[in-house]
Amino acid sequence: VTAGGAVTKIAEFPDHPVSTGLDFGSDGYAYVSYLGKGPFFPEDGKVVKVNLSSGAITEFASGQSWLTDVEFGPGGKLYATQFNNVPALSDDAVGPFKGTLLTVDTSSGAITPLVTGLSFATFVEFNGDTAYVTNWSVTAVGEIVKIENFSSVQPPATPTAAPTAAPTQAPAPTATPRGGVIGVADTGDGSAAAGGDSSNGWLL
């Protein structure tokens, strides 16, 4: 877009991926994040890079859904914001405290969580070693989270599964004789139509 308002198309993203964030790398490429299509599976969230001369689009990183922004930060590292961290497969899948600030590995293309517990995060901007993240962005609350000394932030620890205790076998109950009489409960004639249960009997 020129200062005079003239607009020239550089690239067109195929299949309508809902492009969200944009930043420019020192390599001369534009980096764009994809929100993806609903219900937003991890493979649909991507970061692509665009050759500004040819318009060629190259998939750069993937594996996290609902990406809402991409931004270069301290040390030239690439980061992304995530609106929600699970696919929208149920009514309670989208909710607060499921937003994330992610790292984008420029060598492997892996996208991994760095700051968790955000709510509907949509944008990140860096000023030196301080990150500013828009939070609660689609609610009446709305806030900006400030993260100082950002380069020292460590990713959350991977939870370690607690050892599963071996189940204990309860002793078999001792039957109390009732005169040696075995009967069947009065549940009908055993057919489904009569309300009976043909698969279970009763020992009395």
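See the structure printed just above.
A few points about the sheet that holds strand β2 (residues 29-34)
Taken in spatial order, the 4 strands of this open sheet run β1-β2-β3-β4, and their pairing is antiparallel. A single partner strand is all that each edge strand has here, and the edge strands are β1 (19-24) and β4 (57-62). Here the average twist between neighbouring strands, direction ignored, is 25°. Bridge count for strand β3 (residues 46-51) against β4 is 5 bridges, and the pairing is antiparallel.

Section: a nonpolar patch on the surface
A cluster of nonpolar side chains, contributed by Ile10, Leu22, Phe24 and Leu52, occupies part of the molecular surface with about 370 Å² of accessible area. Since its relative accessible area comes to 47%, Ile10 is described here as partly exposed.

Notes on the pattern of salt bridges
With the rule as written, the count across this model stands at 3 salt bridges. Put simply, Lys46 and Glu59 hold a salt bridge, and the shortest N to O gap is 3.2 Å. Of this pair, Lys46 sits in strand β3 while Glu59 is found in strand β4, placing the two residues 13 residues apart along the sequence. By relative accessible area, which is 24% here, Lys46 ends up partly exposed. Judged by its relative accessible area of 46%, Glu59 is partly exposed.

Thoughts on the packing of aromatic side chains
In this description, a pair of aromatic rings is defined by centroid distance and the angle of the planes. Tallying each qualifying case throughout the model produces 11 aromatic pairs. Ring centres 5.2 Å apart and planes at 85° place the aromatic pair Tyr31 and Phe72 in the edge-to-face group. Of this pair, Tyr31 sits in strand β2 while Phe72 is found in strand β5 (residues 67-72), placing the two residues 41 residues apart along the sequence. Residue Tyr31 is classed as buried on the basis of its relative accessible area of 4%. Feature note: the residues Phe40, Trp66, Phe83, Phe97, Phe120 and Trp136 constitute an aromatic cluster, connected by ring pairs. Sitting over the face of the ring of Tyr29, Lys49 holds its NZ or CZ atom 4.6 Å from the ring centroid.

Comments concerning the environment of Val124
As for its placement among the helices and strands, Val124 is situated in strand β9 (residues 123-127). The buried category is assigned to Val124, whose relative accessible area is 0%. Val124 sits 54 residues away from Val70 along the chain, and the two C-alpha atoms are 7.5 Å apart. Beyond its immediate chain neighbours, meaning those up to four positions away, Val124 contacts Asp69, Glu71, Thr81, Leu101, Ala131, Tyr132 and Val133.

Calculation notes
- Residues numbered from 1 in each chain as written.
- Predicted model: local features only at pLDDT ≥ 70, side-chain atom pairs only at ≥ 80, totals over all residues.
- Heavy atoms only, no water.
- Pairing = 2+ DSSP bridges.
- Helix = DSSP H or I, 4+ residues; strand = E, 2+ residues; numbered from the N terminus.
- Axes fitted to C-alpha atoms, helices over the stretch in contact; angles between N-to-C directions.
- Patch = residues over 30% accessible without salt bridge, like charges linked within 9 Å, V, L, I, M, F, W, Y side chains within 5 Å.
- Areas by Shrake-Rupley, 256 points an atom, 1.4 Å probe, with all protein chains shown as cover.
- Salt bridge = Lys/Arg side-chain N within 4 Å of Asp/Glu carboxyl O.
- Buried < 20%, exposed > 50% of the residue type's maximum accessible area, 1.4 Å probe, protein only.
- Phe/Tyr/Trp six-rings, centres within 6.5 Å; stacked < 30°, edge-to-face > 60°.
- Lys NZ or Arg CZ within 6 Å of the ring centre and 35° of its normal.
- Contact = heavy atoms within 4.5 Å.

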